[in-house]
Amino acid sequence: MILGTLIQERINMRDLIFYQETYKQFHLRNDFISYIFMISHDGKLLHLYYGPTLPEGDYRHLVEMKHRPMTTYRQEGDLLYSLEHLQQEFPEYGATDFRHPALELSFENGSRLTDFIYKDHVILKGKPRLEGLPATYVENEDECQTLQVNLIDSVSGVEVSIQYSIFRDFPVITRSHLINNQGSRPLSIEGVTSLSLDLPDRNYEMIQLSGAWARERHIHSTLLRQGIQSIESTRGISSHLHNPFIALKRPETTENQGEVIGLSLIYSGNFLLQAEVDTFDVTRLQVGINPFQFCWKLDPGASFTSPEAVLVYSRNGLNDMSQTFHRLYRTRLARGEWRDKERPILLNNWEATYFDFDQEKLLRIAQNAKEVGVELFVLDDGWFGKRTNDRTGLGDWVANRERFPDTIGALSEKIHDMGLKFGLWFEPEMVNKDSDLYRTHPDWILEVAGHSPRHGRNQFVLDFSREEVVDAIYEQMARVIEETKLDYIKWDMNRPLTDVFSKSLAPEQQGEVFHRYVLGLYHLYDRLTTAFPSILFESCASGGGRFDPGLLYYAPQTWTSDDTDAVERLKIQYGTSLVYPLSTMGAHVSIVPNHQTNRITPLTTRGNVAYFGVFGYELDLAELTQAEKEIVKEQIDFYKKERSLIHQGNFYRLRSPFDSNQVVWSVVSQNRSRVILAQYKLLNEVNRAYDRVYLQGLKADALYEVDGKQYSGAELMLAGFSLSDASCGQPLNQEKLSRDFDSHIWVFEEVK
C-alpha cells in the first residue's frame, strides 16, 4: 500500500512539459496525448506531432523537406527550406508561406511583413489568467503546466507570447496569443488567431454545429477537400447560425471508436474557424476572432490578448471527446457558487402570459407551481418601465408601478414567503427608443452619423464598448437585485449587432468596436457575479444565439433554444451535447399545441426530453387537467431524485435523430452503479423489426436491475437491451399501443 502511494505521488508530481535543449524540442505530454514542436535553425517553430502519448525522444526526423518547383525559399542557395511545405506553430504570410497566417499586422509604412523568431520561453506551474477574458482555470497548480514561448520580429520590435497549457487529467491543450508592441511606432492588428495547428494529412470529416433560430446546433459533416472549409460569425455574437466549435474525425470514426480532434473557442463575439487544406494535403486548423471588420490599433507599449482556444483529442470516438469537453467545461470553466450545486426546478411565466399579466396572476401561477414542487419562479419580459409590448421600456430597469403598485420588492417577498426562489428577466444590452434611458442618452446606441440605425425586435444595441454605458446598466441592475433579494437572472439578448460604430472611439479605432463590445459584456458579467455571487445566472440570446463557452464562465447554464417542442429539442439537445454538458442546457416543458411548431406531444415525452438539461416549465399549470398535474408532480419527483446524476454523470449518445426514427441516449453515474436510459420515437411504424440498443460505460461484471429483471453489464453492452414495443407486430388487445412521439425512461441500478 505504501509503495502504491509513493508511485502515485511520483505520477502526480511529474512534469507535463519538457524542453530538450540538444534538440531544441518541446514536448507537452500526459497519459493521453503528446504535442511536440521544435525550434528550427533560424528560429521558426515547426510542428512535429499531435496525438496519443509518445515516449520522450528526438522527433526532429518528422520534419521532411524536398525541393519542389514554384516554391520560394528562406535563404539563398538553399533549395529545401521553405515554410510553404512545413508544418508550423505560428505561421506568417509572405516569408515563403502562402497559406493563412496566425497573425496579420499592418505598419505605418504600409508593410504587412513580419518574421517572428524564437526569443526565449518559460515553463510555469498552473495556468495564468487571461486579462479581461474568460478561460479555463485550475484550482491547484499541480493540475496543469503552462509553456510560454516568446517570439520577436526584430524589425518592428513586436513580440508574441504563445501560451500553451496542458492539463494533467484531461486530453486537453489550451492556446492563446499575446501580442506586445515593444517597438517605437503604432501598428494595427488586422487578424489574430488563438490557435493554428498544422496536421500532416486531410483524411478527416469536419463536423460543425449549425442552424438558425429555433433549430440551433444541428450536426453537419463534410469530408475535407483541398481549399478552405470554414464557419464564422459576423453578427457580433457567436450566433444561432454557427457555434464556435468544430471536430475533425477520421471517416471511420464513430461515437465510440476512432480518432477525433475537437476545437472550441471561449469567446462570445465574431469568430472564424477554418480548415485550410493545401494541394499537398496538409491541413491547417485555425480559430480566432473573425478578421471581418476587425482592426485593433496597438500603440507602443500596449498589448492585445486573444481568446482561449481549447483543443481536445480522442482515440475513442466522438462520445469520448464530448465527455472530455463536458468534464472540463462543467468543472474548470463554469465557476462560482452554482457550479456544483443542484440547480432549482423553475417555472417561467413567458409562454403562460407573455405581456398579459398583473401581480395577482403571477402569484396564482407561482402558488400552483409551489404546490407541484417547483423551486424557482421566474418573471420574464414585461415587469419594468412602461413595458407592455416589445416597442417600449428596454433600458429602464425599474419596476412598472402600474403592474406592481407595492413595488417589485413586495412581489419578491411574497414569492419568497411561499418558499420559492425568485428570478427576473433582463435584457441589459438593449434599449427601446421609447424609454427614459434613450431620451436621456440617445448617443449611447451603436449608430453611424447620417444613417438611420437598424432595429431588431424594435430595439437598438447599447454601446457596451463605452465604460459609462456599462456602469449605468450595472447601477440599475444592482438596485433591482438588492431590492428583490434576487436568486436568479435570465440574461437575454434578442438581436445581432448592426450599425457597429462607437461615438467614443477615433476613426482609426472603429475596427475595435465588435471586440470592445464583448469585453464590455464580460466586464458587466464579472462585476455582477462578483458583487452578487449567490445569484444563478442563465444566459440567453433569443434562445441559443449565444450558447458559447465564453458565457459559461459567468453563467453556468444557457437557455438552449426558444423552440420548446419536444421533437425539435431532440436534435437541438443532441447536437449541443457534442461539446456542452447537460448541466448547461436550459430545457423546459411547455404547453401544447407548441407555440413554435403547433405540434401536440404527450406531456410525458415533453418531460422525458427536458430531463436531460436544467429542468423547468414554461406554462400555466392552472390550464392542465388534474391528471396532467399528477404527471407534473411525478416528473418533478423524478428530476429531484436524478438531477445530480444527469448533470454530473457521463452522457452517451446511442442513436441519433439525424439518421434514425428513434433517439436513444443514456447517462451513467461516475461510479457506474446507476444508469438512466431514454428512448424517443419520432413517428410510429407498422410491423417493424425487433430492436436492441447497446449500452455504453457499464461495469461488465456487474448486475443491473430494471423493472424487476436483472442483466449483466456485459449483456447490456454486448447483447443489447430490447427496445421492441407493440409496433413490432400487430398489437393484441392486452398490449399497450404505440404512438407517434412515444418515449420511455429506464433506470438501471447495480445489484450489490
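About the criteria used
Residues numbered from 1 in each chain as written. Predicted model: local features only at pLDDT ≥ 70, side-chain atom pairs only at ≥ 80, totals over all residues. Heavy atoms only, no water. Helix = DSSP H or I, 4+ residues; strand = E, 2+ residues; numbered from the N terminus. Rg over C-alpha atoms; globule rule 2.2 N^0.38 Å. Contact = heavy atoms within 4.5 Å. Areas by Shrake-Rupley, 256 points an atom, 1.4 Å probe, with all protein chains shown as cover. Buried < 20%, exposed > 50% of the residue type's maximum accessible area, 1.4 Å probe, protein only. Pairing = 2+ DSSP bridges. Expected span 1.5 Å × (residues − 1). Polar contact = N/O pair within 3.5 Å; in protein donor to acceptor, adjacent residues only side chain to side chain. Phe/Tyr/Trp six-rings, centres within 6.5 Å; stacked < 30°, edge-to-face > 60°. UniProt positions renumbered as here; feature names shortened; annotations may be inferred. Axes fitted to C-alpha atoms, helices over the stretch in contact; angles between N-to-C directions. Parallel < 35°, antiparallel > 145°, perpendicular 65-115°, else oblique. Left-handed = near helix turned anticlockwise from the far one by under 90°.

Topic: the overall build of the protein chain
When you go through the protein chain residue by residue, the secondary structure sums to 13 helices and 38 strands. Taken over C-alpha atoms, the radius of gyration comes to 27 Å for the protein chain, in line with the 27 Å a tight globule of 752 residues would show. For the protein chain, the C-alpha atoms occupy an extent of roughly 85 × 70 × 55 Å along the three principal directions. Relative to all contacts within the protein chain whose residues are 6 or more apart in sequence, the contacts with residues 24 or more apart total 69%. Surface exposure of the protein chain reaches about 29100 Å², of which carbon and sulfur atoms provide 50%.

Points about the pairing of strand β9 (residues 172-181)
A large share of β9 lies buried, amounting to nine of its 10 residues. Examined bridge by bridge, strand β8 (residues 158-167) and β9 share nine bridges and lie antiparallel to one another. Opposite Glu159, over in β9, you have Asn180 as the bridge partner. Hairpin remark: β8 followed by β9, antiparallel, with four residues in the connecting loop. As paired elements, β9 and strand β20 (residues 308-314) share four bridges and run antiparallel to each other. Looking at the pairing, Ile173 lines up with Leu311 of β20. When β9 meets strand β19 (residues 303-305), the two strands line up antiparallel, connected through three bridges.

Description of helix α4 (residues 359-372)
Over its 14 residues, α4 runs 21 Å from end to end, which matches the ideal 20 Å to within 8%, given 1.5 Å per residue. Taken as a whole, α4 has its buried residues at Gln359, Leu362, Leu363, Ile365, Ala366, Asn368, Ala369 and Val372. Buried residues along α4 sit against β21 (346-348), α3 (350-353), β22 (376-379), α5 (407-417) and α12 (626-648). For α4, the capping residue at the N-terminal end is Asp358, with a side-chain oxygen 3.2 Å from the backbone nitrogen of Glu360. At the C-terminal side of α4, Gly373 shows a positive phi close to 110 degrees.

Description of the packing of aromatic side chains
Centre-to-centre distance and the angle between the planes together describe a pair of aromatic rings. A full pass over the atoms with the stated rule returns 45 aromatic pairs. When the centroid spacing of 4.6 Å and the interplanar angle of 35 degrees are considered together, the rings of Tyr19 and Phe26 count as tilted. Their ring planes at 40 degrees and their centres at 5.3 Å tell us that Tyr611 and Phe615 sit as a pair that is tilted. For the pair Tyr611 and Phe615, a shared accessibility class is recorded, and that class is buried. Taken together through their ring pairs, the aromatic side chains of Tyr19, Phe26, Tyr35, Phe37, Tyr50, Tyr164 and Tyr313 make up a single cluster.

Brief notes about the environment of Asp380
One can find Asp380 in the loop between β22 and α5. Through-space distance from the C-alpha of Asp380 to that of Asp492 is 9.9 Å; in sequence the pair is 112 residues apart. Residues contacting Asp380, with those up to four places away along its chain left out, are Asn348, Asn349, Trp350, Trp425 and Lys490.

Digging into the UniProt feature "domain: Glycosyl hydrolase family 36 N-terminal" (unreviewed entry) in the protein chain
When the UniProt feature table is mapped to this numbering, "domain: Glycosyl hydrolase family 36 N-terminal" (unreviewed entry) covers residues 43-298. This span, residues 43-298, is 0% helix and 45% strand, and a straight line between its end C-alpha atoms measures 25 Å.

Details of the packing of helix α10 (residues 566-576) against helix α11 (residues 603-610)
Where α10 meets α11, the axes come as close as 9 Å, and the angle between the chain directions of the two elements is 15 degrees. By the criterion of interaxial angle, the relationship of α10 to α11 is roughly parallel. The chirality of how α10 crosses α11 is left-handed. Of α11, the residues touching α10 (which contributes Ala566, Arg569, Leu570 and Gln573) are Thr605, Arg606 and Val609.

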